[in-house]
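Given next are the chains, with one letter for each unit.
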Amino acid sequence: MATEFTFHYGPRVIAGAGIAARLAEHLPAGPALFVTDASLLGMGLPRACLAALRKAGHDMVIFDRVEADPSAATVLACAEAGRAGGVTSVVGFGGGSPM
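The sections below set out a description of the structure shown in this document. Remember, predicted model here, so these are calculated numbers, not experimental data.

Here we take up the layout of surface pockets. The calculated volume of the largest pocket comes to roughly 790 Å³. What lines the largest pocket is a set of 27 residues, among which Arg 12, Val 13, Ile 14, Val 91 and Gly 92 lie closest to the centre. Here the lining of the largest pocket takes four residues from strand E3 (residues 89–92), the largest share from any one element. Here the residues of the lining of the largest pocket sort into 19 nonpolar, seven polar and one charged.

Structure representation (structure tokens):
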């Protein structure tokens, strides 16, 4: 008889109206790496998402140096920011590049 198991083959994408308020329900305890770009951050678009995560007790490491079609150097810098912050999860906010 086979042993029961669950297999997740890739990142979970969550989208929809009001999802920012419920995002923390989907993350493990601990700090989160919030990946976005400086323009979105400057416009305040991730404000509700960041507030909900902080309210739920998540410390945030914000990486906002993502450019269109990120270079390998950007990806490595982002990974290093996550390692340095001891993050337990990653949230990509924006279009395809931060994802």
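Let us look at the sheet that holds E3. A sheet is described by the order of its strands in space; here three strands give the open sequence E2-E1-E3, paired in parallel fashion. The two strands at the open ends of the sheet, each matched to only one other strand, are strand E2 (60–63) and E3. In this sheet, neighbouring strand axes are inclined to one another by 20° on average, regardless of whether the strands run parallel or antiparallel. One ladder, built from four bridges, connects strand E1 (residues 32–35) with E2; its direction is parallel. Bridge pairing in E2 places Phe 34 opposite Ile 62. Those strands touched by helix H4 (residues 72–85) are E1 and E2, and its axis lies near 165° from that of E2.

What counts and what doesn't
- Residues numbered from 1 in each chain as written.
- Predicted model: local features only at pLDDT ≥ 70, side-chain atom pairs only at ≥ 80, totals over all residues.
- Heavy atoms only, no water.
- 1 Å grid on protein atoms, 1.4 Å probe; cavity = no way out; pocket = protein on both sides within 12 Å on 5 of 7 lines; lining within 4 Å.
- Points joined across faces, edges and corners; volume = space filled by probe spheres on them.
- Helix = DSSP H or I, 4+ residues; strand = E, 2+ residues; numbered from the N terminus.
- Nonpolar A, V, L, I, M, F, W, Y, C, P; charged D, E, K, R; others polar.
- Pairing = 2+ DSSP bridges.
- Axes fitted to C-alpha atoms, helices over the stretch in contact; angles between N-to-C directions.
- Contact = heavy atoms within 4.5 Å.

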